[in-house]
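In case you want the letters, here they are:
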Amino acid sequence: MLVGPHAHVNGARVEDEVFVATGESMFPGSVAGRGSELRINSVLHVNSTLPPDSVVPIGWIAAGDPARLFFPDQHAELWEEQQRLDFPGTVHGVPRGTSMRTLMARQADFYGAHRDDRPLSG
């Protein structure tokens, strides 16, 4: 596996022989199958599975299980797929439609719980 600079890999599984290019984003629950390539500034969306030996072109978005490829201007088609993937439930633990005020309060509480954390010695 090779992960380029400025890549965002969060809660994802990357199998053997995968190339994750500069600026690529992999969201929680996503899987990059063996031998796949995620090229510059591409996205593998939450709960999506990229089959082995697949390529996500520069700037494109892969979403679904198995993942379908979307060009950035295909927002309507991508949104249909994204709704089924449950980004708010997976990433924030809330149902779609939860207010941003509630969502941000949960995030602040989550990070605030670590406010007094200190490194352990030894």
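Provided above is the structure to which this section pertains.
Computed from a prediction, not measured in an experiment: that's the story for all the values here.

Conventions adopted
- Counting restarts for each chain, with residues numbered from 1 along the sequence as it is written.
- The model is predicted, so local features are restricted to residues of pLDDT at least 70 and side-chain atom pairs to those at 80 or more, both for listing and for counting; the totals for chains, interfaces and linings are taken over all residues.
- Side-chain figures throughout are based on the complete set of non-hydrogen atoms in the structure, without hydrogens or water.
- Secondary structure elements follow DSSP: runs of H or I no shorter than four residues count as helices, runs of E no shorter than two count as strands, and numbering proceeds from the N terminus.
- Each residue's exposure class comes from its accessible area (1.4 Å probe, protein chains only) as a fraction of the maximum for that residue type: buried when under 20%, exposed when over 50%, partly exposed otherwise.
- Contact criterion: two residues are considered in contact whenever any of their non-hydrogen atoms come within 4.5 Å of each other.
- Neither His nor the chain termini are counted; the positive set is Lys and Arg, and the negative set is Asp and Glu.
- Charge placement uses NZ in Lys and CZ in Arg. For Asp and Glu, CG and CD serve respectively.
- Salt-bridge detection follows one rule: a side-chain nitrogen of Lys or Arg within 4 Å of a carboxyl oxygen of Asp or Glu.
- Arc definition: directions from the helix axis to the C-beta atoms.

Right, let's talk about the overall build of the chain for a bit. When helices and strands are counted, the chain shows three helices and 12 strands. Along the first, second and third principal axes, the C-alpha atoms of the chain reach 45 × 45 × 20 Å. The proportion of buried residues among the 122 residues of the chain is 31%. Within the chain, contacts between residues at least 6 apart in sequence are counted, and of these 7% link residues at least 24 apart. For the chain, the separation between the mean place of its 10 positive charges and that of its 15 negative charges on side chains is 7 Å.

With that settled, the discussion passes to the pattern of salt bridges. Applying the stated rule across the entire model yields five salt bridges. One salt bridge in this structure joins Arg13 and Glu15, with 2.8 Å as the shortest N-O distance. A salt bridge links Arg68 to Glu81; the shortest N-O distance between them is 3.5 Å. A residue pair is termed long-range when its members are at least 10 positions apart, and Arg68 in strand β12 (residues 67-70) and Glu81 in helix α1 (residues 75-85) qualify at 13 residues. Given the relative accessible area of 10%, Glu81 is considered buried. Beyond isolated ion pairs, a larger network of salt bridges with shared partners links Arg68, Glu81 and Arg84.

Our focus in this paragraph is α1. All of the buried residues in α1 are Leu78, Glu81, Gln82 and Leu85. End-on view of α1: buried residues confined to an arc of 105 degrees, all on one side of the axis. Every exposed residue of α1 that faces more than 90 degrees away from the buried side is listed here: Ala76 and Arg84. Trailing α1 by a residue or two, Asp86 shows a phi angle of about 60 degrees, which is positive.

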